[in-house]
Number of protein chains: 2
Amino acid sequence: MFELDPRLENDTTAVTDLPLSRAVLMDDARYPWLILIPRIVGLTEIHDMSPAEIMQLTKEATTASRTLQSLTGAHKMNVATLGNVVSQLHVHVVARFEGDAAWPAPVWGVGEAEPYEGTVRAEMMERVKTELDLAFI
Amino acid sequence: MFELDPRLENDTTAVTDLPLSRAVLMDDARYPWLILIPRIVGLTEIHDMSPAEIMQLTKEATTASRTLQSLTGAHKMNVATLGNVVSQLHVHVVARFEGDAAWPAPVWGVGEAEPYEGTVRAEMMERVKTELDLAFI
(Lines give C-alpha, C1' and ligand atoms only; values in the text may rest on other atoms or scores of the structure.)
Protein backbone atom coordinates (compact mmCIF):
# COMPACT_ATOMS: atom_id res chain seq x y z
CA MET A 1 0.00 0.00 0.00
CA PHE A 2 1.26 3.47 -0.85
CA GLU A 3 2.44 5.50 2.12
CA LEU A 4 4.46 8.68 2.33
CA ASP A 5 7.95 8.33 3.75
CA PRO A 6 7.67 9.50 7.40
CA ARG A 7 10.10 12.38 6.81
CA LEU A 8 8.03 13.69 3.88
CA GLU A 9 4.87 13.19 5.95
CA ASN A 10 6.41 15.12 8.84
CA ASP A 11 7.67 18.11 6.82
CA THR A 12 4.64 18.68 4.59
CA THR A 13 0.86 19.08 4.43
CA ALA A 14 -1.21 17.25 1.80
CA VAL A 15 -2.73 19.50 -0.87
CA THR A 16 -4.44 17.12 -3.29
CA ASP A 17 -4.12 13.79 -5.08
CA LEU A 18 -3.47 14.20 -8.81
CA PRO A 19 -4.04 11.24 -11.17
CA LEU A 20 -0.60 9.77 -10.43
CA SER A 21 0.97 11.67 -7.58
CA ARG A 22 0.15 13.17 -4.22
CA ALA A 23 0.87 16.90 -4.08
CA VAL A 24 2.03 18.21 -0.71
CA LEU A 25 3.23 21.63 0.48
CA MET A 26 6.47 21.97 2.42
CA ASP A 27 5.89 23.52 5.83
CA ASP A 28 8.45 26.26 5.16
CA ALA A 29 7.28 29.82 4.70
CA ARG A 30 10.60 30.84 3.12
CA TYR A 31 9.68 29.37 -0.26
CA PRO A 32 6.41 28.29 -1.92
CA TRP A 33 7.43 24.65 -2.30
CA LEU A 34 5.37 21.75 -3.58
CA ILE A 35 6.45 18.13 -3.66
CA LEU A 36 4.84 15.52 -5.92
CA ILE A 37 5.06 11.88 -4.88
CA PRO A 38 3.86 9.25 -7.38
CA ARG A 39 1.57 6.80 -5.55
CA ILE A 40 3.67 3.79 -6.57
CA VAL A 41 5.18 1.55 -3.92
CA GLY A 42 8.96 1.10 -3.84
CA LEU A 43 9.82 3.66 -6.51
CA THR A 44 13.13 5.56 -6.39
CA GLU A 45 14.06 6.63 -9.94
CA ILE A 46 11.97 8.34 -12.62
CA HIS A 47 13.45 6.06 -15.26
CA ASP A 48 12.09 2.99 -13.45
CA MET A 49 8.51 4.04 -14.19
CA SER A 50 6.66 2.96 -17.34
CA PRO A 51 6.68 5.42 -20.26
CA ALA A 52 3.03 6.27 -19.55
CA GLU A 53 3.79 6.97 -15.90
CA ILE A 54 6.82 9.10 -16.82
CA MET A 55 4.68 11.20 -19.15
CA GLN A 56 1.94 11.56 -16.53
CA LEU A 57 4.40 12.62 -13.82
CA THR A 58 5.92 15.10 -16.27
CA LYS A 59 2.47 16.57 -16.92
CA GLU A 60 1.77 16.86 -13.22
CA ALA A 61 5.16 18.39 -12.37
CA THR A 62 4.96 20.81 -15.30
CA THR A 63 1.46 21.87 -14.28
CA ALA A 64 2.55 22.31 -10.67
CA SER A 65 5.49 24.43 -11.79
CA ARG A 66 3.40 26.62 -14.09
CA THR A 67 0.68 26.99 -11.43
CA LEU A 68 3.04 27.88 -8.60
CA GLN A 69 4.92 30.41 -10.72
CA SER A 70 1.67 31.97 -11.86
CA LEU A 71 0.22 32.18 -8.34
CA THR A 72 3.36 33.53 -6.69
CA GLY A 73 5.01 35.55 -9.47
CA ALA A 74 8.26 33.67 -8.80
CA HIS A 75 11.38 34.75 -10.67
CA LYS A 76 12.47 31.14 -11.36
CA MET A 77 11.14 27.67 -10.75
CA ASN A 78 13.41 24.89 -9.47
CA VAL A 79 12.18 21.41 -10.39
CA ALA A 80 14.25 18.54 -9.09
CA THR A 81 14.26 14.93 -8.07
CA LEU A 82 17.20 14.21 -5.77
CA GLY A 83 16.29 11.54 -3.20
CA ASN A 84 19.72 11.15 -1.65
CA VAL A 85 18.23 11.19 1.86
CA VAL A 86 14.60 10.15 1.29
CA SER A 87 14.74 7.54 -1.46
CA GLN A 88 10.98 7.44 -2.12
CA LEU A 89 10.67 9.17 -5.50
CA HIS A 90 9.51 12.75 -5.06
CA VAL A 91 9.72 15.80 -7.28
CA HIS A 92 10.46 19.17 -5.72
CA VAL A 93 8.78 22.18 -7.32
CA VAL A 94 10.14 25.29 -5.64
CA ALA A 95 9.25 28.91 -6.42
CA ARG A 96 12.35 31.04 -6.15
CA PHE A 97 12.72 34.79 -5.73
CA GLU A 98 15.82 36.93 -6.07
CA GLY A 99 16.89 37.59 -2.49
CA ASP A 100 15.05 34.63 -0.92
CA ALA A 101 16.71 32.82 2.00
CA ALA A 102 18.97 30.70 -0.22
CA TRP A 103 19.16 32.71 -3.45
CA PRO A 104 20.81 31.93 -5.84
CA ALA A 105 21.86 28.63 -4.24
CA PRO A 106 19.55 25.60 -4.17
CA VAL A 107 17.19 25.47 -1.17
CA TRP A 108 18.20 22.11 0.27
CA GLY A 109 20.18 22.13 3.51
CA VAL A 110 20.07 25.92 3.91
CA GLY A 111 19.10 27.11 7.41
CA GLU A 112 15.94 26.01 9.17
CA ALA A 113 12.37 25.86 7.91
CA GLU A 114 10.18 28.74 9.07
CA PRO A 115 6.54 28.17 9.96
CA TYR A 116 3.77 29.83 8.01
CA GLU A 117 1.95 32.54 9.99
CA GLY A 118 -1.81 32.88 10.35
CA THR A 119 -3.88 31.91 7.34
CA VAL A 120 -1.15 32.24 4.69
CA ARG A 121 -0.62 28.52 4.32
CA ALA A 122 -4.32 27.65 4.16
CA GLU A 123 -4.93 30.33 1.54
CA MET A 124 -2.02 29.22 -0.62
CA MET A 125 -3.03 25.57 -0.35
CA GLU A 126 -6.59 26.36 -1.37
CA ARG A 127 -5.45 28.31 -4.42
CA VAL A 128 -2.95 25.64 -5.45
CA LYS A 129 -5.46 22.83 -4.94
CA THR A 130 -8.08 24.61 -7.04
CA GLU A 131 -5.67 25.21 -9.92
CA LEU A 132 -4.19 21.72 -9.89
CA ASP A 133 -7.54 19.97 -9.60
CA LEU A 134 -8.92 22.07 -12.47
CA ALA A 135 -5.93 21.16 -14.64
CA PHE A 136 -6.67 17.43 -14.21
CA ILE A 137 -10.47 17.33 -14.42
CA MET B 1 20.65 31.20 -33.29
CA PHE B 2 21.06 28.69 -30.48
CA GLU B 3 24.22 29.14 -28.43
CA LEU B 4 25.26 27.72 -25.09
CA ASP B 5 25.45 30.20 -22.25
CA PRO B 6 29.18 31.03 -21.89
CA ARG B 7 29.30 29.61 -18.35
CA LEU B 8 27.86 26.28 -19.50
CA GLU B 9 30.23 26.33 -22.47
CA ASN B 10 33.18 26.99 -20.18
CA ASP B 11 32.39 24.27 -17.61
CA THR B 12 31.48 21.42 -19.95
CA THR B 13 32.45 19.40 -23.01
CA ALA B 14 29.92 18.58 -25.73
CA VAL B 15 28.95 14.89 -25.93
CA THR B 16 26.25 14.74 -28.60
CA ASP B 17 23.19 16.48 -30.00
CA LEU B 18 19.97 14.60 -29.26
CA PRO B 19 16.80 15.40 -31.24
CA LEU B 20 15.93 18.35 -28.98
CA SER B 21 18.83 19.02 -26.66
CA ARG B 22 22.59 19.23 -26.60
CA ALA B 23 24.14 16.79 -24.12
CA VAL B 24 27.34 17.99 -22.46
CA LEU B 25 29.54 16.54 -19.70
CA MET B 26 30.55 18.64 -16.72
CA ASP B 27 34.31 18.93 -16.44
CA ASP B 28 34.27 17.65 -12.86
CA ALA B 29 35.72 14.23 -12.09
CA ARG B 30 33.95 14.11 -8.72
CA TYR B 31 30.62 13.12 -10.26
CA PRO B 32 29.54 11.70 -13.64
CA TRP B 33 27.38 14.69 -14.57
CA LEU B 34 25.53 15.34 -17.80
CA ILE B 35 23.63 18.50 -18.67
CA LEU B 36 20.96 18.63 -21.38
CA ILE B 37 20.23 21.99 -23.00
CA PRO B 38 17.23 22.20 -25.37
CA ARG B 39 18.34 23.96 -28.56
CA ILE B 40 15.64 26.63 -28.25
CA VAL B 41 16.58 30.29 -28.07
CA GLY B 42 15.50 32.30 -25.02
CA LEU B 43 14.07 29.40 -23.00
CA THR B 44 14.17 29.46 -19.18
CA GLU B 45 11.31 27.28 -17.85
CA ILE B 46 10.25 23.75 -18.83
CA HIS B 47 6.62 24.79 -18.68
CA ASP B 48 7.20 27.43 -21.38
CA MET B 49 7.92 24.71 -23.96
CA SER B 50 5.19 23.16 -26.11
CA PRO B 51 3.71 19.87 -24.89
CA ALA B 52 5.62 18.00 -27.63
CA GLU B 53 8.88 19.63 -26.59
CA ILE B 54 8.24 18.87 -22.92
CA MET B 55 7.67 15.21 -23.73
CA GLN B 56 10.79 15.06 -25.91
CA LEU B 57 12.97 16.68 -23.24
CA THR B 58 11.54 14.25 -20.69
CA LYS B 59 12.47 11.32 -22.96
CA GLU B 60 15.98 12.65 -23.40
CA ALA B 61 16.53 13.37 -19.70
CA THR B 62 15.09 10.01 -18.67
CA THR B 63 17.30 8.21 -21.17
CA ALA B 64 20.35 10.15 -19.99
CA SER B 65 19.54 9.26 -16.39
CA ARG B 66 19.03 5.56 -17.12
CA THR B 67 22.18 5.44 -19.27
CA LEU B 68 24.42 7.20 -16.78
CA GLN B 69 23.20 5.06 -13.90
CA SER B 70 23.71 1.91 -15.95
CA LEU B 71 27.22 2.88 -17.08
CA THR B 72 28.44 4.05 -13.67
CA GLY B 73 26.49 1.86 -11.25
CA ALA B 74 25.44 5.00 -9.36
CA HIS B 75 23.49 4.61 -6.13
CA LYS B 76 21.06 7.45 -6.99
CA MET B 77 20.42 9.79 -9.87
CA ASN B 78 19.77 13.49 -9.29
CA VAL B 79 17.77 15.12 -12.10
CA ALA B 80 17.14 18.83 -11.73
CA THR B 81 16.46 22.05 -13.52
CA LEU B 82 17.41 25.01 -11.34
CA GLY B 83 18.72 27.90 -13.44
CA ASN B 84 19.03 30.47 -10.67
CA VAL B 85 22.46 31.54 -11.93
CA VAL B 86 22.43 30.48 -15.58
CA SER B 87 18.88 31.12 -16.77
CA GLN B 88 19.22 29.25 -20.09
CA LEU B 89 17.11 26.13 -19.50
CA HIS B 90 19.33 23.17 -18.71
CA VAL B 91 18.67 19.83 -17.02
CA HIS B 92 21.28 18.41 -14.69
CA VAL B 93 21.61 14.61 -14.65
CA VAL B 94 24.07 13.69 -11.91
CA ALA B 95 25.18 10.20 -10.87
CA ARG B 96 25.57 10.07 -7.11
CA PHE B 97 27.45 7.63 -4.93
CA GLU B 98 27.30 7.19 -1.18
CA GLY B 99 30.43 8.94 0.07
CA ASP B 100 30.97 11.15 -2.99
CA ALA B 101 32.30 14.69 -2.46
CA ALA B 102 28.90 16.16 -1.56
CA TRP B 103 26.92 13.12 -0.40
CA PRO B 104 24.10 13.24 0.64
CA ALA B 105 23.78 16.96 -0.10
CA PRO B 106 23.13 18.26 -3.61
CA VAL B 107 26.26 18.84 -5.71
CA TRP B 108 25.79 22.53 -6.51
CA GLY B 109 28.13 24.97 -4.78
CA VAL B 110 30.13 22.28 -2.98
CA GLY B 111 33.93 22.70 -3.21
CA GLU B 112 35.77 23.06 -6.49
CA ALA B 113 35.49 21.00 -9.65
CA GLU B 114 38.30 18.48 -10.11
CA PRO B 115 39.74 17.80 -13.57
CA TYR B 116 39.47 14.35 -15.13
CA GLU B 117 42.81 12.56 -15.36
CA GLY B 118 44.23 10.87 -18.45
CA THR B 119 41.71 9.20 -20.74
CA VAL B 120 38.87 8.79 -18.21
CA ARG B 121 36.80 11.62 -19.60
CA ALA B 122 37.22 10.62 -23.24
CA GLU B 123 36.28 7.02 -22.44
CA MET B 124 33.18 8.02 -20.48
CA MET B 125 32.10 10.46 -23.17
CA GLU B 126 32.46 7.84 -25.87
CA ARG B 127 30.36 5.33 -23.93
CA VAL B 128 27.69 7.90 -23.09
CA LYS B 129 27.55 9.19 -26.67
CA THR B 130 27.16 5.68 -28.07
CA GLU B 131 24.32 4.80 -25.70
CA LEU B 132 22.47 8.09 -26.14
CA ASP B 133 22.81 8.12 -29.92
CA LEU B 134 21.57 4.51 -30.08
CA ALA B 135 18.54 5.39 -27.97
CA PHE B 136 17.48 8.10 -30.44
CA ILE B 137 18.21 6.46 -33.80
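What you see is a predicted model; the values in this text were computed from it and never measured. Within every chain, residues take consecutive numbers counted from 1 along the sequence as written. All chains are assigned letters beginning with A, and all ligands numbers beginning with 1, in the order in which they are written. In keeping with the model being predicted, local features are shown solely for residues with a pLDDT of at least 70 and side-chain atom pairs are shown and tallied solely at 80 or more, while totals for entire chains, interfaces and linings include all residues. With hydrogens and water set aside, each side-chain value is computed from the structure's full complement of heavy atoms.

### Remarks on empty space enclosed by the protein
Phase 1 of the analysis: Of the grid points, spaced at 1 Å and generated over the protein atoms alone, those admitting a 1.4 Å probe that cannot get out make up cavities, while open sets with protein on both sides within 12 Å along at least five of seven lines make up pockets; any residue with an atom within 4 Å of a point is treated as lining. Grid points are joined across faces, edges and corners, and a volume is the space filled by probe spheres set on the points. What the rule picks out here adds up to two cavities of 30 Å³ or more.
Phase 2 of the analysis: Quantified by volume, the largest cavity comes out at close to 410 Å³.
Phase 3 of the analysis: Along the wall of the largest cavity there are 25 residues; nearest its centre are Ile46, Thr58 and Val79 of chain A together with Ile46 and Thr58 of chain B.
Phase 4 of the analysis: Secondary-structure elements contributing two or more residues to the lining of the largest cavity are helix H2 (51–72) and strand S4 (76–81) of chain A together with helix H2 (51–72) and strand S4 (76–81) of chain B.
Phase 5 of the analysis: Across the lining of the largest cavity, the residue classes tally to 14 nonpolar, 10 polar and one charged.
Phase 6 of the analysis: Estimated volume of the second largest cavity: approximately 40 Å³. Strands here are runs of E lasting at least two residues and helices are runs of H or I lasting at least four, both read from the DSSP assignment and numbered beginning at the N terminus. Three categories are distinguished: nonpolar for Ala, Val, Leu, Ile, Met, Phe, Trp, Tyr, Cys and Pro, charged for Asp, Glu, Lys and Arg, and polar for the others, with Gly belonging to the last.

### Observations concerning H2 of chain A
Phase 1 of the analysis: An ideal rise of 1.5 Å per residue puts 32 Å on 22 residues; H2 of chain A measures up with 31 Å between its terminal C-alpha atoms.
Phase 2 of the analysis: Residue contacts are counted whenever heavy atoms from the two residues lie within 4.5 Å of one another. Buried residues belonging to H2 of chain A abut strand S2 (21–26), strand S3 (33–38), S4, strand S5 (91–96) and helix H3 (120–135) of chain A together with H2 of chain B.
Phase 3 of the analysis: Of the residues trailing H2 of chain A, Gly73 of chain A is marked for its positive phi of about 70°. Expected span, for any helix, means 1.5 Å times one less than how many residues it has.

### Points about the pattern of salt bridges
Phase 1 of the analysis: Should a side-chain nitrogen of Lys or Arg be within 4 Å of a carboxyl oxygen of Asp or Glu, the pair is scored as a salt bridge. This model, assessed by the stated rule, comprises 16 salt bridges over all chains.
Phase 2 of the analysis: Close ionic contact of Lys76 of chain A with Glu45 of chain B constitutes a salt bridge, the shortest N to O distance being 3.3 Å. One end of the pair, Lys76 of chain A, is in strand S4; the other, Glu45 of chain B, is in the loop between strand S3 (33–38) and H2, on a second chain. Each member of the pair, Lys76 of chain A together with Glu45 of chain B, is buried.
Phase 3 of the analysis: Two residues, Arg96 of chain B and Asp100 of chain B, come together in a salt bridge whose shortest N-O distance is 2.8 Å. An identical accessibility class is assigned to Arg96 of chain B and Asp100 of chain B; each is buried.
Phase 4 of the analysis: Put simply, Asp17, Arg22 and Arg39 of chain A are held in one network by salt bridges that share partners. With a 1.4 Å probe rolled over the protein chains alone, any residue whose accessible area is under 20% of its type maximum counts as buried; one over 50% counts as exposed, and the rest are partly exposed.

### Overview of the relation of the copies chain B and chain A
Phase 1 of the analysis: Least-squares superposition aligns the copies on the C-alpha atoms of those residues with pLDDT at or above 70 in both. Rotating chain B by 180° and moving it 0.0 Å along the rotation axis overlays it on chain A with an RMSD of 0.0 Å. Each copy turns onto its partner about a two-fold axis. Within chain B, Ala80 of chain B has its C-alpha nearest the rotation axis, a separation of 2.0 Å.
Phase 2 of the analysis: Taken as a fraction of all interface residues of chain B, those also at the interface in chain A reach 100%, which identifies the copy contact as same-surface.

### A few points about the confidence of the model for chain A
Phase 1 of the analysis: For every residue, the predictor reports its confidence as pLDDT, a number between 0 and 100. On average, residues of chain A score 97 in pLDDT, and 100% of them are at 70 or above.
Phase 2 of the analysis: With pTM at 0.97, the complex prediction returns an ipTM value of 0.96.

### Thoughts on the nonpolar core
Phase 1 of the analysis: In terms of nonpolar packing, the biggest core is built from 32 residues, with Trp33 and Trp108 of chain A together with Trp33 and Trp108 of chain B touching the most fellow members.
Phase 2 of the analysis: Elements that contribute at least two residues to this core include exactly S2 and S3 of chain A together with strand S2 (21–26) and S3 of chain B.
Phase 3 of the analysis: Ignoring anything within four residues of it in the chain, the contact list for Trp108 of chain A reads Trp33, Ala80, Leu82 and His92 of chain A together with Leu82, Pro106 and Trp108 of chain B.
Phase 4 of the analysis: Each nonpolar core is a collection of buried residues, namely Ala, Val, Leu, Ile, Met, Phe, Trp, Tyr and Cys, held together in the definition by side-chain atoms within 4.5 Å. Ranked by size, the runner-up nonpolar core spans 27 residues in total, among them Leu36, Ala61, Ala64 and Val128 of chain A.

### Focus: the interface of chain B and chain A
Interface size is commonly expressed as the accessible surface area that is lost when the partners come together.
Phase 1 of the analysis: Taken together, the contact between chain B and chain A spans 29 residues of the former and 29 residues of the latter.
Phase 2 of the analysis: The term buried area refers to how much accessible surface (probe radius 1.4 Å) is lost by two components on association, counted for both of them together. Counting the surface lost from both chain B and chain A, the interface buries some 2500 Å², and carbon and sulfur atoms represent 56% of this.
Phase 3 of the analysis: Contact with chain A buries area across many residues of chain B, yet His47, Lys76 and Asn84 of chain B alone supply 27% of it, more than any other trio.
Phase 4 of the analysis: Joining chain B to chain A, the criterion identifies two salt bridges.
Phase 5 of the analysis: Polar contacts, as counted here, are pairs of nitrogen or oxygen atoms within 3.5 Å of one another; within protein the pair requires one atom able to donate a hydrogen and one able to accept it, and residues that are adjacent in sequence qualify only if both atoms are side-chain atoms. Scanning the region where chain B abuts chain A turns up 25 residue pairs in polar contact (both at pLDDT 80 or more).
Phase 6 of the analysis: Listing elements by their share of the side of chain B that touches chain A, those giving two or more residues are H2 and S4 of chain B.
Phase 7 of the analysis: Pairing between S4 of chain A and S4 of chain B: three bridges, direction antiparallel. For two strands to be treated as a pair, DSSP must find no fewer than two bridges joining them.

### Details of the packing of H2 of chain A against H2 of chain B
Phase 1 of the analysis: Structural elements are reduced to axes, namely lines fitted to C-alpha atoms, with helices fitted over the stretch in contact, and the angle between N-to-C directions of any two is expressed from 0 to 180 degrees. Running from N to C, H2 of chain A and H2 of chain B point in directions that differ by 120°, and their axes come no closer than 10 Å. The angle between H2 of chain A and H2 of chain B falls in the class oblique. Viewed along their axes, H2 of chain A and H2 of chain B form a crossing whose handedness is right-handed. Across the interface between the two elements, Ile54, Met55, Thr58, Lys59 and Thr62 of chain A from H2 of chain A touch Ile54, Met55, Thr58, Lys59 and Thr62 of chain B from H2 of chain B.
Phase 2 of the analysis: Partitioned by chemical class, the residues of the contact of H2 of chain A with H2 of chain B number four nonpolar, four polar and two charged. Orientation labels follow simple angle bins: below 35 degrees gives roughly parallel, above 145 gives roughly antiparallel, 65 to 115 gives roughly perpendicular, and whatever is left gives oblique. Handedness of each helix crossing follows the sense of rotation of the near helix against the far helix: counterclockwise by less than a right angle gives left-handed, clockwise gives right-handed.

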